[in-house]
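# Examining the three-dimensional arrangement
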Amino acid sequence: MAVVSGYNFQIDLLCPQCGAPAVLEETQTIIKCDFCRTRNILHSHPYPCFYMAPGLKNPAGLSVVYVPYWRFKGLEFSLGEKSPGFRVMDRSHLAVDKIRLPLSIGLRSQTQTLKFIRENLVGKFLPPTISRKEMLQQIAGTGEKKIYIGEIFSLIFMPFFQDADILYDGLSGKKLAITASTLMADTPAPVYRLEYTPSLCPNCGWDLRGDADSLVLQCNHCNTFWVIHHKKLIKVKGMFFDSCPGADLCLPFWRMQIGFKTLECGTYAHLIKLANIPESIQEEHKHQAVYFYVPAFKINPKLFLRIARQTTLAQIEPTRTDKMPTTQFYPATLPLEEGLQAVVPLLMDLCANKKEIWILLAKEKVTLNAFTLVYLPFQTSGSEYVQDTLCFSLPKNSLKFGRRL
Ligand SMILES: [Zn+2]
Ligand SMILES: [Zn+2]
């Protein structure tokens, strides 16, 4: 498997309103058209299905065979017995077995753009024989349980030229040292339909605000927040911590109330005990519900755990606001379901050196009882963003890097 870090493909597509050409990054879902000025949300559930157009060096006008590759990018947390391990994953892997073809899409493809699979594409398409689930199992390997969050998962069809038994790379036109006799593709392009919805507030019809890679959009007219989820815009409760005046950036966090199957961690009293918080347990702590906070944005896994821990330990009390702050909102790029996945590694981090808890957590099943989106204000200070009340900071570069994850 090739490991390429922090690279995003660009996607060529057409504006669904006026047909003008538009470009998206792999991490983006909102198409902003420079021509007709509309904004549309692109839905590619369960995963996007792309192809890369063949290069111009087609030897003697041969037929094109497209071969599928899975692409995976995300943060991996491994729930070992020593600590929650983590790493950034960025991989591609051949999605057909029993055929000797290049195992990954390789670096050379990074100069090319992707296009969405559409009907009537010329060429033969080899159907994938390795499922998405099998691909994930291959990535995870055996051993410790792994959790993946913030992932990009897509299927990319790469072009090859076929001349009887000879196979050529579809991008470079180079002859491959592989016999093509087993490449018996005779299927047309898979059926794959893209869907779009206009980026308008379902409540009042105003244009929704938010960056092209944000999963949460806000309506400044009726003061509401909307999350893009399974082809729909779902209203979410948005809250703010601290007053925002003077802030340079508001960062989104998922605030979750969690149900545990075995672990006792429903109240602040439980958290004091589990996380060894230097505070004596008071009667009111036994009735105070505990909230877990995880960043609603992608950032390197080590920092992700650190700020989740700091915010959760603070048990902040956010409030609602009648007026949307004018501060810049950092895009929420991590879906709520994946924020929920991060609760177990977060708890492992909170219960440092408690082996018996880790063993319990590795098997734990968590459920989401309630959630809110909470914005924390940050001020810029040199190369960092600082949260004054909670006394922590984030390097500006870490957000830049996270945007490409
Ligand atoms: Zn347009
Ligand atoms: Zn509205």
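Shown above is the structure to which this text applies.
Residues numbered from 1 in each chain as written. Chains lettered and ligands numbered in written order. Predicted model: local features only at pLDDT ≥ 70, side-chain atom pairs only at ≥ 80, totals over all residues. Heavy atoms only, no water.

Within the fold, Leu 194 resides in the loop between strand S13 (175–179) and strand S14 (195–198). In this structure the C-alpha to C-alpha distance between Leu 194 and Gln 288, which are 94 residues apart in sequence, comes to 46 Å. Apart from the residues lying within four places of it in its own chain, the contact partners of Leu 194 are Leu 42, His 43, Ser 44 and Phe 116. (Helix = DSSP H or I, 4+ residues; strand = E, 2+ residues; numbered from the N terminus. Contact = heavy atoms within 4.5 Å.)

Our next topic: the coordination of the zinc ion (ligand 2). Within the protein, the zinc ion (ligand 2) binds to Cys 201 (SG), Cys 204 (SG), Cys 219 (SG) and Cys 222 (SG); these donor distances fall in the range 2.3 Å. Classification of the site at the zinc ion (ligand 2) as tetrahedral follows from its four donor atoms and the range of 100 to 120 degrees in their angles at the metal. Spacing between the donor residues of the zinc ion (ligand 2) along the chain follows C-x2-C-x14-C-x2-C. Taken as a pair, Cys 201 in the loop between S14 and strand S15 (216–219) and Cys 219 in strand S15 lie far apart in primary sequence, 18 residues in all. (Donors = N, O, S within 2.8 Å, 3.2 Å for Na, K, Ca; no water. Tetrahedral: all angles 85-135°; square planar, octahedral: opposite > 155°, others 65-115°.)

For the rest of this paragraph, the subject is the pairing of strand S23 (residues 384–387). Judged by which residues are buried, S23 turns out to be one-sided: Tyr 385 and Gln 387 face inward and are buried, whereas Glu 384 and Val 386, on the alternate face, are not. Where strand S22 (residues 366–381) meets S23, three bridges bridge the pair, whose relative direction is antiparallel. Counted as the bridge partner of Ser 381 is Glu 384 from S23. The sheet contact formed by S23 and strand S24 (residues 392–395) spans four bridges and is antiparallel. If you follow Tyr 385 over to S24, its bridge partner there is Leu 394. The hairpin turn running from S23 into S24, its antiparallel successor, is four residues long, and Cys 391 in that turn takes a positive phi close to 55 degrees. (Buried < 20%, exposed > 50% of the residue type's maximum accessible area, 1.4 Å probe, protein only. Pairing = 2+ DSSP bridges.)

Before going further, it helps to spend a moment on the pattern of salt bridges. Here the structure, examined in full by the defined rule, presents nine salt bridges. A salt bridge links Lys 115 to Asp 12, with the shortest nitrogen-to-oxygen separation between them at 3.7 Å. In this pair, Lys 115 is assigned in strand S9 (residues 114–116) and Asp 12 in strand S2 (residues 10–14), connecting sequence segments 103 residues apart. We classify Asp 12 as partly exposed; its relative accessible area is 28%. A salt bridge links Asp 213 to Arg 403; its shortest N-O distance comes to 2.7 Å. Taken together, the positions of Asp 213 in the loop between S14 and S15 and Arg 403 in helix H7 (residues 396–403) put the pair 190 residues apart, joining distant regions of the chain. Taking relative accessible area as the criterion, Asp 213 reaches 6% and is therefore assigned buried. (Salt bridge = Lys/Arg side-chain N within 4 Å of Asp/Glu carboxyl O.)

So, about the coordination of the zinc ion (ligand 1). The zinc ion (ligand 1) binds to the protein through Cys 15 (SG), Cys 18 (SG), Cys 33 (SG) and Cys 36 (SG), with metal-donor distances spanning 2.3 Å. If you look at the zinc ion (ligand 1), its four donor atoms make angles of 108 to 111 degrees with each other, and the shape they trace is tetrahedral. Judged by its relative accessible area of 3%, Cys 15 is buried. Of the residues examined, Cys 18 reaches a relative accessible area of 36% and is grouped as partly exposed.

The next point concerns the sheet that holds strand S16 (residues 224–229). Strand order in this open sheet of three strands is S15-S16-S17, and the pairing throughout is antiparallel. Since the sheet does not close on itself, it has two edges, and those belong to S15 and strand S17 (232–236), each with one partner. Ignoring strand direction, the axes of neighbouring strands in this sheet form an average angle of 35 degrees. Of the strand pairs in this sheet, S16 and S17 are connected by five bridges, and their pairing is antiparallel. Its bridge partner lying in S17, His 229 is registered against Lys 232. (Axes fitted to C-alpha atoms, helices over the stretch in contact; angles between N-to-C directions.)

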